[in-house]
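Each chain, letter by letter, is given below.
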Amino acid sequence: MTLLVKGGTVIGPTGTQRADVLVQGEKIVALLDPAFSGTITPDEIIDAAGKYVIPGGIDAHTHMELPFGGTAASDTFDTGTRAAAYGGTTTIIDFAVQKTGEVVQDGLAAWHAKAEGNCHVDYAFHMILGGVDDESLKAMDQLVGEGITSFKLFMAYPGVFYSDDGQILRAMQTARENGAMIMMHAENGIAIDVLVQQALARGETGPIHHGITRPAALETEATSRAIALAEVARDCPLYIVHLSASGALESVAQARDAGRNVFAETCPQYLYLTLEDQLGAPGFEGAKWVCSTPLRSKHESHAKDLWKGLRSNDLAIVSTDHCPFCMKDQKELGLGDFSKIPNGIGGVEHRVDLIYQGVVDGQLSLERWVETIATTPARMFGLYPQKGIIAPGSDADLVVYDPNGRTRISVDTHHMNMDYSAYEGVEIQGRVGTVLSRGEVIVADGNYHGRKGRGRYLRRGLSSYLV
Ligand code: DUC
Ligand code: ZN
Ligand code: ZN
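Remember, predicted model here, so these are calculated numbers, not experimental data.

**Overview of the coordination of the zinc ion (ligand 2)**
Point 1. Of the protein atoms, only Lys152 (NZ), His185 (ND1) and His242 (NE2) coordinate the zinc ion (ligand 2), at distances of 2.1 to 2.3 Å.
Point 2. The site at the zinc ion (ligand 2) holds four donor atoms, and with the angles between them running 84 to 127 degrees, its shape is irregular.
Point 3. Binding-site remark: the zinc ion (ligand 2) is held by donors from one chain whose sequence spacing is K-x32-H-x56-H.
Point 4. In this structure the zinc ion (ligand 3) is found 3.8 Å away from the zinc ion (ligand 2). Here histidine 185 is found in strand β14 (residues 181-185), whereas its partner histidine 242 is found in the loop between β15 (238-240) and α8 (246-257), with 57 residues between them in sequence.
Point 5. A residue is classified by how much of its surface remains accessible, and histidine 242, at 0% relative accessible area, is buried.

See the structure below:
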């Protein structure tokens, strides 16, 4: 079976070109000069005239079915990966969880059981370590051998996922030896918990206090502490997740300027949404946007600095931290006490569009759009060149993107299992057209042609950014 994506402009991390993309089976086999591809007679032609052709998006940070705050994230691997496909994301890297006290391999097996046979697009796992001890350190070595090459630790959530500095250092030393990436949720959770108790004691119970009690300074402090610990661990590879604060970005930039193995991602919510406008919405509405790290103040320069960081590569990747909860029965658990609102925002369906809007707004180049949503995630997490690039030999994961289309984001039209949209009413100048996953058309003009179970598990290599 051959297929030709014809007449489009192919965008890669280093440039754009008019080219036709020839697909055979699951793979890209050639990029053809349009003047010559007329001699080819493929089984199927996809007309991409006037459209961009980009590699399928890779969302390197999702939490399908994550148990959290007395409930569980509302997207299953089925609903979440289907929504991802609609939005032009053809690979997710989800976080398997070792609960505190659990054997790491048991946590991983449970995650495989949730995902296997249910995914619409390809998927891989990072591993959350809920406890660092001799056993889990040994497990890290084993998992790297099995293609799980990144481990998330938490400086936040004492009593749940929290690791202390000694535990973090030990995990970093192990990662330095086996080549894995340490991913860090960098917020000072011990100090945050004090602020939370003080706020509740004053009767400050509404959603905005979630943000106020997690100040930017405590993200900045934790980020620079993580960077220092990684330095002590002989420059262990460190990746800061969901970076939202200017000060944290400065710490990352400084480390990078010094040539350190320090990387970071941000998420669309920190580029577009704010503490005042969303978290501070009247009544309990703000609960929709309770996530950690929290949305930041529009009166400070965070969002502007994050866009700049994306341009300069101090921020390498845009992921979603997709962790949806419905308002009904889930976010509502925190009525009268913001600390009981499950933390998370859903967005796996809209990342490609929302960051394309950054291109329209003059914040990013087309190449940087593709790099931050697809190529760099593949390179960072050991999936390149199978994923993240339009090149002969790579998987035919392609998105035909229409720069003249429009997308209106709404709960009425989205496919995520959420009873609201964090971006309700937002209009994007651009639209996902056709989506191919390993050569198969799974979305065409808003119609779904994929199926549950077609997504494959991906064993990952080490990060391409390390020597
Ligand atoms: N942050 C969230 O908002 N949700 C899940 C976990 C996390 O770190
Ligand atoms: Zn986190
Ligand atoms: Zn997360």
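So, next bit.
**Things to note about the coordination of the zinc ion (ligand 3)**
Point 1. Distances from the zinc ion (ligand 3) to its protein donors, His61 (NE2), His63 (NE2) and Asp321 (OD), fall at 2.0 to 2.2 Å.
Point 2. Read in sequence order, the donor residues for the zinc ion (ligand 3) give the motif H-x1-H-x257-D.

**Things to note about the site of ligand 1**
Point 1. Near ligand 1 the following residues occur: Lys152, Phe154, Tyr157, His185, His242, Cys291, Ser292, Asp321, Cys323, Asn343 and Gly344.
Point 2. A distance of 2.9 Å separates an oxygen atom of ligand 1 from a polar side-chain atom of histidine 185.
Point 3. One of the backbone nitrogen or oxygen atoms of asparagine 343 is found 2.9 Å away from a nitrogen atom of ligand 1.
Point 4. Burial of ligand 1 by the protein chains amounts to 99% of its free accessible area of 240 Å².
Point 5. Most atoms of ligand 1, that is more than half of them, are within 2 Å of grid points of the largest cavity.
Point 6. When its residues are assigned to classes, the shell around ligand 1 shows four nonpolar, five polar and two charged.

**Some details on the sheet that holds strand β16 (residues 262-266)**
Point 1. With parallel pairing, eight strands are arranged side by side in an open sheet as β8-β11-β12-β13-β14-β15-β16-β17. Each edge of the open sheet is held by one strand with a lone partner, namely β8 (57-62) and β17 (317-318).
Point 2. Of the pairings in the sheet, the one linking strand β12 (residues 122-129) to strand β13 (residues 150-154) comprises two bridges and is parallel in character. Residue pairing in the sheet places isoleucine 128 in a bridge with lysine 152 of β13.

**With respect to the pairing of strand β4 (residues 20-24)**
Point 1. When you tally the buried positions in β4, you get four out of five residues, the bulk of the element.
Point 2. As paired elements, β4 and strand β5 (residues 27-32) share five bridges and run antiparallel to each other. Across the sheet, the residue bridging to glutamine 24 is lysine 27, located in β5.
Point 3. Between the antiparallel neighbours β4 and β5 lie two residues, among them glycine 25 with a positive phi of about 60 degrees.

**Quick look at the environment of histidine 415**
Point 1. Note that histidine 415 resides in the loop between β18 (398-408) and β19 (427-437).
Point 2. For histidine 415 and aspartate 193, which are 222 residues apart along the polypeptide, the C-alpha to C-alpha distance reads 35 Å.
Point 3. Side-chain polar atoms of histidine 415 contact the side chain of glutamate 349, separated by 2.7 Å.

**Here's the deal with the domain arrangement of the protein**
Point 1. Taken domain by domain, the protein holds domain 1 (2-54 + 396-413 + 426-448) and domain 2 (56-380).
Point 2. Contact with domain 1, which involves 31 residues of that partner, is made by 27 residues of domain 2.
Point 3. Between domain 1 and domain 2 lies a buried interface of about 2,200 Å² when both sides are counted; carbon and sulfur atoms form 65% of it.
Point 4. The interface formed by domain 1 and domain 2 contains one salt bridge.
Point 5. Here aspartate 122 and arginine 438 are joined by a salt bridge, their closest N and O atoms 2.7 Å apart.
Point 6. Summed over the shared surface of domain 1 and domain 2, the result is five residue pairs in polar contact (both at pLDDT 80 or more).
Point 7. Secondary-structure elements contributing two or more residues to the side of domain 1 that touches domain 2 are β2 (9-12), β3 (15-18), β7 (52-55), β18, β19 and β20 (440-444).
Point 8. Broken down by element, the residue count for the side of domain 1 that touches domain 2 peaks at nine residues, all from β19.
Point 9. In the side of domain 1 that touches domain 2, the residues fall into 17 nonpolar, 10 polar and four charged.

**A short note on the environment of glutamate 250**
Point 1. Mapping glutamate 250 onto the fold places it in helix α8.
Point 2. Look at glutamate 250 and you get exposed, because its relative accessible area is 58%.

**Some thoughts on the side chain of threonine 375**
Point 1. As for its placement among the helices and strands, threonine 375 is situated in helix α13 (residues 366-380).
Point 2. Judged by its relative accessible area of 0%, threonine 375 falls in the buried class.
Point 3. Apart from residues no more than four positions distant in its own chain, threonine 375 is found in contact with Pro13, Val370, Tyr384 and Gly388.

**Re empty space enclosed by the protein**
Here the idea is plain: a probe the size of a water molecule rolls over the atoms and shows the empty space left.
Point 1. In total, this model carries two cavities of 30 Å³ or more according to the counting rule given.
Point 2. Taken as a whole, the largest cavity encloses approximately 140 Å³ of empty space.
Point 3. Lining the largest cavity are 18 residues, with His63, Tyr157, Ser292, Asp321 and Asn343 sitting closest to its centre.
Point 4. In terms of residue class, the lining of the largest cavity is built from eight nonpolar, eight polar and two charged.
Point 5. Considered as a void within the structure, the second largest cavity measures approximately 40 Å³ in volume.
Point 6. Lining the second largest cavity, in full, are Pro55, Gly56, Ile58, Thr90, Thr91, Gln386, Lys387, Gly388, Ile389, Asp395 and Asp397.
Point 7. Along the lines of polarity and charge, the residues of the lining of the second largest cavity split into three nonpolar, five polar and three charged.

**Observations regarding the state of the cysteines**
Point 1. The tally for this structure, following the rule as stated, stands at zero disulfides.
Point 2. Of all cysteine sulfurs, the one in cysteine 323 lies closest to cysteine 119, which takes part in no disulfide; the gap is 16 Å.

**A closer look at helix α4 (residues 165-178)**
Point 1. Over its 14 residues, α4 extends 20 Å from the first C-alpha to the last, a length consistent with the 20 Å expected when each residue adds 1.5 Å.
Point 2. Of the positions making up α4, those classed as buried are Ile168, Ala171, Met172, Thr174, Ala175 and Asn178. One side of α4 holds all its buried residues, which, seen down the axis, span an arc of 160 degrees.
Point 3. Residues of α4 that are buried in the fold lie against α3 (134-145), β13, β14, α7 (216-232) and β15.
Point 4. Where α4 begins, the side chain of aspartate 164 points an oxygen toward the backbone nitrogen of glycine 166, at a separation of 3.0 Å.
Point 5. Just past α4, the residue glycine 179 takes up positive phi, approximately 90 degrees.

Calculation rules
- Residues numbered from 1 in each chain as written.
- Chains lettered and ligands numbered in written order.
- Predicted model: local features only at pLDDT ≥ 70, side-chain atom pairs only at ≥ 80, totals over all residues.
- Heavy atoms only, no water.
- Donors = N, O, S within 2.8 Å, 3.2 Å for Na, K, Ca; no water.
- Tetrahedral: all angles 85-135°; square planar, octahedral: opposite > 155°, others 65-115°.
- Helix = DSSP H or I, 4+ residues; strand = E, 2+ residues; numbered from the N terminus.
- Buried < 20%, exposed > 50% of the residue type's maximum accessible area, 1.4 Å probe, protein only.
- Near = heavy atom within 4 Å.
- Polar contact = N/O pair within 3.5 Å; in protein donor to acceptor, adjacent residues only side chain to side chain.
- Areas by Shrake-Rupley, 256 points an atom, 1.4 Å probe, with all protein chains shown as cover.
- 1 Å grid on protein atoms, 1.4 Å probe; cavity = no way out; pocket = protein on both sides within 12 Å on 5 of 7 lines; lining within 4 Å.
- Sits in = over half its atoms within 2 Å of the grid points.
- Nonpolar A, V, L, I, M, F, W, Y, C, P; charged D, E, K, R; others polar.
- Pairing = 2+ DSSP bridges.
- Domains from an automatic or database assignment.
- Contact = heavy atoms within 4.5 Å.
- Buried area = accessible area lost by both parts, 1.4 Å probe.
- Salt bridge = Lys/Arg side-chain N within 4 Å of Asp/Glu carboxyl O.
- Points joined across faces, edges and corners; volume = space filled by probe spheres on them.
- Disulfide = S-S within 2.5 Å.
- Expected span 1.5 Å × (residues − 1).
- Arc of directions from axis to C-beta.

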